[in-house]
Amino acid sequence: MEFLPISWRLQGKQALLVGGGEVALRKGRLLHRSGAILDVVAPEVCDELRQIVADSGGQLLLRPFNDADLDGCGLVICATDDRVVNAHIADLAGARNVPVNVVDNPSLGDFIFPAIVDRSPVLISISSSGASPVLARKLRSQLESSLPARWGKLADLMARFRQPLKDKLDNVGARRLFWEQALDSPIVEKVLAGKDSEAEVLLAEAIADADADKLSRGEVYLVGAGPGDPDLLTFRALRLLQKADVVLYDRLVGKGIVDLARRDAELVYVGKARDKHALPQDNINELLVHYAKQGKKVCRLKGGDPFIFGRGGEEIDLIVQEGIDFQVVPGITAASGCAAYGGIPLTHRDHAQSVRFVTGHRKD
């Protein structure tokens, strides 16, 4: 990861923009929307950028850049068409530890501007780390068309009810689980349909009925991760994986899939190869019960399908005996996945009327 994506509060901060053309205007618009006080230095400045400077409370300096212009600024953007000037400003900013962006030359700067999907207060940034801004814009356009404009209204509604929920539930984990359930409820559809008052009533009722003990009840998800390609995960598998507090994963589950888990989730490797078991199966079964009885959501992530040579049946036996809630998510087993990728139909009306899955190993 070449750049760390962060959300930077710029309200009231001094920002310096060097340049006055179309490229500078685009950066000026973003800085103004973020609440920065914008100073612009350039011999010529377009009318819209002049107005932005005035509205932000900044200064317009109609002349070439000089070193003293960096005094007091919190960040600087070089948007001139002179590479020598841009490099000089970047060097000065670096010496003063002032973050700098050099438009169209990310190697000279400290930060870059992502493509942004704005559903304020929800913001989605997409970056190619400067490798392909056109690709980032393409991805943004796809997200723009698929994300309803009212997601911001939903975030506002949740923000207004954060304190009432905190008053009702003093447990952070229970509150997180409440919001996860709320986002899978009719409340979301009410907001997206513009029925804000109805959504507010439903949310208030849900908070009044919220029970920390019920919310904190442990559960086990037996999730089939498929044959290794993250794109072959089902939507449900991805949703439960990202909901889990603990993830127990097998040797055959690829890193790209494990990386989709929540960043704060506990990851436990329980992989097995022939005669090489990180944990014996009985210990894995007991571990699932152990975590679930602590009130945690536990994802048992398996390569392929949980019930095709996946020992999911053995794990469910103990889970059921202990009265623990569970869900099973089927996955594409490698047997059918590899055949499909190879263009081989496992059943064909003319040639193959049955399929057999056979293991070369017995339990012992």
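The coordinates are above.
Everything numeric here is computed off the predicted structure, so don't read it as measured data.

Caption draft 1: Spotlight on the sheet that holds strand β10 (residues 266-269). Overall, parallel pairing links the 5 strands, which are arranged β10-β9-β13-β8-β14 in an open sheet. A single partner strand is all that each edge strand has here, and the edge strands are β10 and β14 (325-329). Each adjacent strand pair in this sheet contributes to an overall mean axis angle of 15°, direction not counted. In this structure, strand β9 (residues 246-249) lies alongside strand β13 (residues 297-302), joined through 4 bridges in parallel fashion. Bridging from a neighbouring strand, V246 pairs with V298 of β13. Contacts between helix α14 (residues 312-321) and the sheet are confined to β8 (219-224), β13 and β14, with β8 contributing the most and set at about 170° to the helix.

Caption draft 2: Here's a closer look at the pairing of β8. Here β8 lies mainly inside the structure; 6 of its 6 residues are buried. Burial along β8 is two-sided: the face carrying E219, Y221 and V223 and the face carrying V220, L222 and G224 are both buried. As defined by bridge partners, β8 adjoins β13 across 6 bridges and the pair is classed as parallel. Of the residues in β13, the one forming a bridge with Y221 is C299. Across 5 bridges, the pairing between β8 and β14 is parallel. When the sheet's bridge partners are listed, V220 is paired in β14 with F326.

Caption draft 3: Seen up close, empty space enclosed by the protein. Across all of its chains, the model carries 1 cavity of 30 Å³ or more by this definition. There is about 40 Å³ of room inside the largest cavity. In terms of lining residues, the largest cavity is bounded by L154, L157, M158, W179, A182, L183, I187 and L203. Contributions of two or more residues to the lining of the largest cavity are made by α5 (151-160) and α7 (172-182). Sort the elements by how many residues they give to the lining of the largest cavity and α5 lands first, with 3 residues. When its residues are assigned to classes, the lining of the largest cavity shows 8 nonpolar, no polar and no charged.

Caption draft 4: Broad picture of the side chain of E315. Inspection of the secondary structure puts E315 in helix α14. Sequence-distant contacts of E315, that is, excluding residues within four places in its chain, are made with L222, Q281, I284, N285, L288, R300 and K302.

Caption draft 5: Structural context of the pattern of salt bridges. All chains considered together, the criterion is met by 20 salt bridges. For R33, the salt bridge is made with D118, and the minimal N-O distance between the two is 2.7 Å. Separated by 85 residues along the polypeptide, R33 in helix α1 (residues 22-33) and D118 in strand β6 (residues 115-119) bring together distant segments of the chain. Looking at R33, the relative accessible area reads 57%, which means it is exposed.

Caption draft 6: Representation of a nonpolar patch on the surface within the structure. A grouping of M1, L4, I6 and W8 is seen on the molecular surface, where their side chains present a nonpolar patch of about 540 Å² in accessible area. Relative to the helices and strands, I6 is located in the segment before β1 (14-18). You can call I6 exposed: its relative accessible area is 61%.

Caption draft 7: Local environment of the packing of α1 against helix α2 (residues 47-56). One can describe the packing of α1 onto α2 by two numbers: an axis separation of 10 Å at closest approach and a directional angle of 25°. Judged by the angle between their axes, α1 and α2 are roughly parallel. Between α1 and α2 lies a crossing whose hand is left-handed. Taking contact as the criterion, the partners of A24, L25, G28, R29 and H32 in α1 are, on α2, E48, L49, I52, D55 and S56.

Caption draft 8: Up close: the sheet that holds strand β4 (residues 75-78). Across the sheet, 5 strands lie side by side as β3-β2-β1-β4-β5; this open sheet has parallel pairing. Where the open sheet ends on each side, the last strands, each with one partner, are β3 (60-61) and β5 (100-102). Where strand β2 (residues 37-41) lies against β3, 2 bridges are found, and the strand directions are parallel. Within β3, the position partnered with V41 by the bridge is L61. Across the sheet, α2 lies against β1, β2 and β3, angled at about 140° from β2, the strand it touches most. Across the sheet, helix α3 (residues 83-95) touches β1, β4 and β5, and the angle it forms with β4 is around 165°.

Caption draft 9: View of the state of the cysteines. What the rule picks out here adds up to 0 disulfides. The structure places no disulfide on C78, whose sulfur is separated from the nearest cysteine sulfur, that of C73, by 9.9 Å. Owing to a relative accessible area of 0%, C78 belongs among the buried residues under this scheme.

Parameters at a glance
- Residues numbered from 1 in each chain as written.
- Predicted model: local features only at pLDDT ≥ 70, side-chain atom pairs only at ≥ 80, totals over all residues.
- Heavy atoms only, no water.
- Pairing = 2+ DSSP bridges.
- Helix = DSSP H or I, 4+ residues; strand = E, 2+ residues; numbered from the N terminus.
- Axes fitted to C-alpha atoms, helices over the stretch in contact; angles between N-to-C directions.
- Contact = heavy atoms within 4.5 Å.
- Buried < 20%, exposed > 50% of the residue type's maximum accessible area, 1.4 Å probe, protein only.
- 1 Å grid on protein atoms, 1.4 Å probe; cavity = no way out; pocket = protein on both sides within 12 Å on 5 of 7 lines; lining within 4 Å.
- Points joined across faces, edges and corners; volume = space filled by probe spheres on them.
- Nonpolar A, V, L, I, M, F, W, Y, C, P; charged D, E, K, R; others polar.
- Salt bridge = Lys/Arg side-chain N within 4 Å of Asp/Glu carboxyl O.
- Patch = residues over 30% accessible without salt bridge, like charges linked within 9 Å, V, L, I, M, F, W, Y side chains within 5 Å.
- Areas by Shrake-Rupley, 256 points an atom, 1.4 Å probe, with all protein chains shown as cover.
- Parallel < 35°, antiparallel > 145°, perpendicular 65-115°, else oblique.
- Left-handed = near helix turned anticlockwise from the far one by under 90°.
- Disulfide = S-S within 2.5 Å.

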